[in-house]
Amino acid sequence: MSATADPADKSNPALRLGFEQGQIIQELGYDDDSDQELREGIEEITGAELVDEDYDDVADGVLLWHRDEDGDLTDALVDALEYLAEGGLIWLLTPKTGRDGHVEAHEIADAAKTAGLSQTSSVAIAKDWAGTRLATPKATKAGKR
């Protein structure tokens, strides 16, 4: 049996998000229920602390925690695009089915489309959280070259 990424994925679920060393990741929607292990895993991969909503420079990616009661998802996605670098990705993190604040899949799809984003994949990323990878049209095209 050869060594694979599977053991690493189990020890650091953030590896599944595709972030890389040196990237700046902006975190939006953080609250007490956000998964601390996932946050720390991202910082371990990038070698930098997550920046918050007050960050006013370009970010390589966005981590958006969103619960049903957090307001309009389309508005949150449009806000997340404000400082996103060309080709950057948004990881939308929502509570899993059956958890308080769960957001229905069709609501995510509708909000992403309205915000001009393409939904590219979904993963169960933490104990209570599911992640949806959202790309800008340029990021989607760049991946197809």
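Calculation rules
- Residues numbered from 1 in each chain as written.
- Predicted model: local features only at pLDDT ≥ 70, side-chain atom pairs only at ≥ 80, totals over all residues.
- Heavy atoms only, no water.
- Buried < 20%, exposed > 50% of the residue type's maximum accessible area, 1.4 Å probe, protein only.
- Helix = DSSP H or I, 4+ residues; strand = E, 2+ residues; numbered from the N terminus.
- Pairing = 2+ DSSP bridges.
- Right-handed = clockwise from strand over helix to strand, strands pointing away.
- Salt bridge = Lys/Arg side-chain N within 4 Å of Asp/Glu carboxyl O.
- Arc of directions from axis to C-beta.
- Polar contact = N/O pair within 3.5 Å; in protein donor to acceptor, adjacent residues only side chain to side chain.

Enquirer: Please set out the pairing of strand β1 (residues 25-28) residue by residue, giving values where relevant.
Expert: With burial as the criterion, each face of β1 is covered, one bearing Ile 25 and Glu 27 and the other bearing Gln 26 and Leu 28. Of the strand pairs in this sheet, β1 and strand β2 (residues 59-65) are connected by four bridges, and their pairing is parallel. Looking across to β2, one finds that Glu 27 is bridged to Leu 63. Running through helix α2 (residues 36-46), the crossover from β1 to the neighbouring parallel element β2 is left-handed.

Enquirer: Before we move on, can you summarise the pattern of salt bridges with the specific residues and values?
Expert: Applying the stated rule across the entire model yields four salt bridges. Asp 70 is the partner of Arg 67 in a salt bridge, and the nearest nitrogen-oxygen pair spans 2.7 Å. For Arg 67, a relative accessible area of 3% gives the class buried. Among the salt bridges present, the one from Arg 99 reaches Asp 128, with a minimum N-O distance of 2.7 Å. Remark: Asp 128 occurs in the loop between β4 (118-124) and β5 (129-135) and Arg 99 occurs in the loop between β3 (84-95) and α4 (105-114); sequence separation between them is 29 residues. A network of salt bridges, in which partner residues are shared, links Asp 33, Arg 67 and Asp 70.

Enquirer: I'd like a rundown of helix α3 (residues 73-81), residues and numbers included.
Expert: Among the residues of α3, those classed as buried are Leu 73, Thr 74, Ala 76, Leu 77 and Ala 80. Within α3, the buried residues cover an arc of 160° as seen down the axis, which keeps them to one side. Regarding α3, its N-cap is Asp 72, as a side-chain oxygen of that residue lies 3.2 Å from the backbone nitrogen of Thr 74 further along.

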